[in-house]
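# Chain and residue survey
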Amino acid sequence: MLNKGSFWLVVGSQFLYGQEVLDTVSQRAEQMSKAMSEKLDYPLIYKVTAKTPQDVNKVIKDANYDDSCLGIVTWCHTFSPSKMWLNGLANLQKPWCHLATQFNTSIPNEEIDMGFMNLNQAAHGDREHGFIGARLRAARKIIAGHWEDPEVLSDLSLWMRTCAGVAFSKSLGVMRFGDNMREVAVTEGDKVQAQLKFGWQVNTWPVGLLVEYIHSVTEEQVDSLMDTYSASYDIATDNIEAIRYQAREELAMKALMDEQGCKAFTNTFQDLYGMEQLPGLASQHLMAQGYGYGGEGDWKVSAMTAIMKVMGKDGNGQSAFMEDYTYNLVEGAYYSLGAHMLEVCPSIASRRPRIEVHKLGIGDRKDPARLVFEGKAGSAIVVSLIDVGGRFRLICQDIECVKPILPMPNLPVARVMWKAFPSLKEGLKCWITSGGAHHTVLSYDVSATQMRDFARIMDVEFIHITKDTAPEALEHEIMLNDLYWKLKG
């Protein structure tokens, strides 16, 4: 179980059935929350059995102003008149999950009578409760099934992880070292709208200030970080000074970000004034610690990398900055090769990465140290957030990563190879139709369902490219989406 924050269970009922029923509802809610918490990724804390509008309003106000509350889970054990929820839910500022369940698993043949029916009428109460969510057009997650069902618990845990990402997003600072790469369209975007939608504070710090921090790093600090590198990676170069310089860059960037409350950063090889190397190993090891990164000044992918790491396993999952680099277009062996110049997170490595030093053909600086590895095989997604003018679109594509079909001994970068769905050619059509960027976040442990939930909570458009997606149908979907979002304002 993760400990940073919790979720509140709010149960619905009313006074109609008497105090004995209300006492039973509270006892069961407490029992359920404790038992479920043992199997969920975050604690589920029973807060109240709401019986009046005042009860609902108070618990929602409390949730809104409690930073430790990551979201609320509602359930109606008995019938709960939905108008009493109206004002409270209209003011809810935290993610909301409607858990449609009941305490008992089966219908007891001998025990069932009208007393049992009055107490155990979640099937009735949850429909009334569900209506008010639909009437409010609220961004709610609906999970249905018995509360002890492993599938229900899994679905709830994944939603909780998503909510942790949402909470993280709301206070995320992105540090831009310099501006974007010149003339690149997709790395642009409306930073004010991004702050309104996602909470991100995206600002620029001069590269010259970073250089001052690099020069202030001590030899003792570098020695300590070198020990960490040696414990985590194989050093496959004699150019130790290049590695030590990367350590200086990492320590300087981390110090600056931590001082300013930032958890994501960008840079560009066109703005390295005063730096000896483009940060490679430095950026990779920062990502391994949960920081987000975006190349070419791409602050959107930097923020999404950090957020998806929080949404992954144990709060720092297997998610990495990625870029489609080249294709294998041999019939029967269609693959994408993903990589970047230097900066791919080692959290997705199939085995222990190597630190190597090689010439870099761009940036006009000394040869940078970097981690070289192959990504692991397995199901994954790639995600792109784009600004389509006045609003954002979140694009998610299902992929299947494979062991690279070629050793590529002269490619001195981290690399991942995958099959795209529905196929490379059809998937590429879908990606381009959607406007997906060349920078993405590749993740093995964040699901497309989580990304859909994230988009729903943040109120942005979501496109999911699956094995069943057809380019023509997707084009029609995007056209209708454009109309919807323009009407929605």
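See the structure shown above.
Figured I'd write up the structure that's included with this text. (Residues numbered from 1 in each chain as written. Predicted model: local features only at pLDDT ≥ 70, side-chain atom pairs only at ≥ 80, totals over all residues. Heavy atoms only, no water.)

### Points about the layout of surface pockets
Cut-off, in case you're wondering: Grid spacing is 1 Å over the protein atoms alone, the probe is 1.4 Å, and a cavity is where that probe fits but cannot get out, while a pocket is an open set with protein on both sides within 12 Å along at least five of seven lines and lining residues have an atom within 4 Å of a point. Grid points are joined across faces, edges and corners, and a volume is the space filled by probe spheres set on the points. Going along the chain from the N terminus, every DSSP run of H or I of four or more residues is numbered as a helix, and every run of E of two or more is numbered as a strand. When residues are sorted by character, Ala, Val, Leu, Ile, Met, Phe, Trp, Tyr, Cys and Pro go into the nonpolar class, Asp, Glu, Lys and Arg into the charged class, and all the rest, Gly among them, into the polar class.
Looking at the largest pocket, its volume works out to about 600 Å³. What lines the largest pocket is a set of 22 residues, among which Leu92, Gln93, Lys94, Pro95 and Ile457 lie closest to the centre. At the level of elements, α2 (53–65), β3 (69–76), α3 (86–90) and α6 (150–170) are the ones that each hand at least two residues to the lining of the largest pocket. In terms of residue count, α6 provides more of the lining of the largest pocket than any other element does, four residues in total. Along the lines of polarity and charge, the residues of the lining of the largest pocket split into 15 nonpolar, three polar and four charged.

### Let's talk about the side chain of Asp41
Heads up, the condition is: Polar contact criterion, stated in full: a pair of N or O atoms within 3.5 Å, where within protein one must be able to donate a hydrogen and the other to accept it, and residues adjacent in sequence count only if both atoms are side-chain atoms.
Locating Asp41 in the fold gives a position in the loop between α1 (19–37) and β2 (44–50). Side chain to side chain, Asp41 and Arg161 meet in a polar contact 2.6 Å long.

### Points about the environment of Glu188
Rules: Pairs of residues are marked as contacts when any of their non-hydrogen atoms sit within 4.5 Å.
Of note, Glu188 is situated in the loop between β6 (173–177) and α7 (191–198). In sequence terms Glu188 and Glu151 are 37 residues apart; their C-alpha atoms lie 40 Å from each other. Leaving out residues up to four positions away in the same chain, Glu188 has contacts with Asn180, Trp299, Lys300 and Asp387.

### Considering the pairing of strand β17 (residues 415–420)
Consecutive side chains along a regular strand alternate between the two faces of the sheet. This is how the line gets drawn: Only protein chains enter the accessibility calculation, which uses a 1.4 Å probe; a residue whose area is less than 20% of its type maximum is buried, one above 50% is exposed, and one in between is partly exposed. Being paired, for any two strands, means DSSP has found at least two bridges between them.
Burial analysis of β17 places five of its six residues in the buried class, which makes it a mostly covered element. As defined by bridge partners, strand β12 (residues 333–339) adjoins β17 across four bridges and the pair is classed as antiparallel. From the neighbouring strand, Ala339 faces β17, where its bridge partner is Arg415. Relative to β17, strand β16 (residues 392–402) runs antiparallel, the two being bridged by four bridges. For Cys401, the partnering residue across the bridge sits in β17 and is Trp418.

### Section: unusual backbone geometry
The phi angle of most residues is negative, glycine excepted, and most peptide bonds adopt the trans form. In this structure, the amide linkage connecting Phe421 to the following residue, Pro422, adopts the cis form with an omega of 5°. Position of Pro422 among the secondary structure elements: in the loop between β17 and α13 (424–434). Here Glu296, not a glycine, exhibits a phi torsion of approximately 60°, which is positive. Here Glu296 shows up in the loop between β10 (292–294) and α12 (299–311). What makes Glu296 buried here is its relative accessible area of 11%. Positive phi, normally seen in glycine, also occurs at Met408, with a value near 45°. With a relative accessible area of 16%, Met408 lands in the buried category.

### Description of a nonpolar patch on the surface
For clarity, the cut-off: Residues forming no salt bridge and having over 30% relative accessible area are the ones grouped into patches, like charges within 9 Å of each other and nonpolar side chains (Val, Leu, Ile, Met, Phe, Trp, Tyr) within 5 Å. We get accessible surface area from the Shrake-Rupley algorithm with a probe of 1.4 Å; when it comes to residues, only the shown protein chains can shield them. Take a side-chain nitrogen of Lys or Arg and a carboxyl oxygen of Asp or Glu: if they are within 4 Å of each other, that pair is a salt bridge.
Taken together, the side chains of Ile107, Ile112, Met114 and Met117 define a hydrophobic patch exposed on the protein surface, amounting to about 410 Å² of accessible area. Among the secondary structure elements, Met114 is positioned in helix α4 (residues 114–119). Met114 sits in the exposed class, given a relative accessible area of 58%.

### Some thoughts on α7
Where α7 begins, the capping side chain belongs to Asp190, and its oxygen is found 3.0 Å from the backbone nitrogen of Val192. Backbone geometry just downstream of α7 places Gly199 in the positive-phi region, at approximately 90°.

### Side note on the sheet that holds strand β4 (residues 96–100)
Operational definition: The axes are straight lines fitted to the C-alpha atoms, using for helices just the contacting stretch, and the angles between their N-to-C directions are given from 0 to 180°.
Across the sheet, which stays open at both edges, the five strands sit in the order β2-β1-β3-β4-β5 with parallel pairing between neighbours. The open sheet has two edge strands, β2 and β5 (140–144), and neither has a second partner. In this sheet, neighbouring strand axes are inclined to one another by 25° on average, regardless of whether the strands run parallel or antiparallel. In the sheet, β4 pairs with β5 via five bridges, with the strands oriented parallel. Across the sheet, Trp96 pairs through a bridge with Arg140, a residue of β5. Each of β1 (6–12), β2, β3 and β4 touches α1; the most contacted strand, β2, lies at about 165° to it. Packing against the sheet, α2 makes contact with β1, β2 and β3, and its axis sits at approximately 150° to β2.

### Here's the deal with the nonpolar core
The line we're drawing: To form a nonpolar core, buried Ala, Val, Leu, Ile, Met, Phe, Trp, Tyr and Cys residues must be joined to one another through side-chain atoms within 4.5 Å.
Counting 100 residues, the largest nonpolar core has Trp200, Met304, Leu442 and Met451 as its most contacted members. Setting aside residues no more than four positions away along its own chain, Leu442 makes contact with Gln318, Ser319, Ala320, Met322, Ile348, Ala380, Ile381, Val382, Ile399, Cys401, Val416 and Trp418. If you look at the next biggest cluster of nonpolar residues, it comprises 32 residues, including Tyr46, Val73, Phe79 and Cys163.

### Details of the packing of α12 against helix α14 (residues 448–458)
What counts here: By the definition used in this description, the sense in which the near helix is turned from the far one sets the handedness, with an anticlockwise turn below a right angle giving left-handed and a clockwise turn giving right-handed.
Running from N to C, α12 and α14 cross one another at 120°; their axes reach a closest spacing of 12 Å. By crossing handedness, the relation of α12 to α14 is classed as right-handed. For the pair α12 and α14, the contacting residues are Met304, Ile307, Met308 and Met311 in the first and Gln450, Met451 and Phe454 in the second. Partitioned by chemical class, the residues of the contact of α12 with α14 number six nonpolar, one polar and no charged.

### With respect to the pattern of salt bridges
Inspection of the entire model under this criterion finds 22 salt bridges. Residue Lys34 pairs with Glu30 through a salt bridge whose shortest N-O separation is 3.7 Å. Here Lys34 and its partner Glu30 are both found in helix α1, four residues apart, which amounts to about one turn of the helix. By relative accessible area, which is 54% here, Lys34 ends up exposed. For Glu30, a relative accessible area of 31% corresponds to the partly exposed category. A salt bridge links Asp453 to Lys141; its shortest N-O distance comes to 3.2 Å. Taken as a pair, Asp453 in helix α14 and Lys141 in strand β5 lie far apart in primary sequence, 312 residues in all. Residue class for Asp453 comes out buried when judged on its relative accessible area of 3%. The structure contains a network of salt bridges with shared partners spanning Glu219, Asp223, Arg244 and Arg248.

Any functional reading would require information that these geometric values do not contain.
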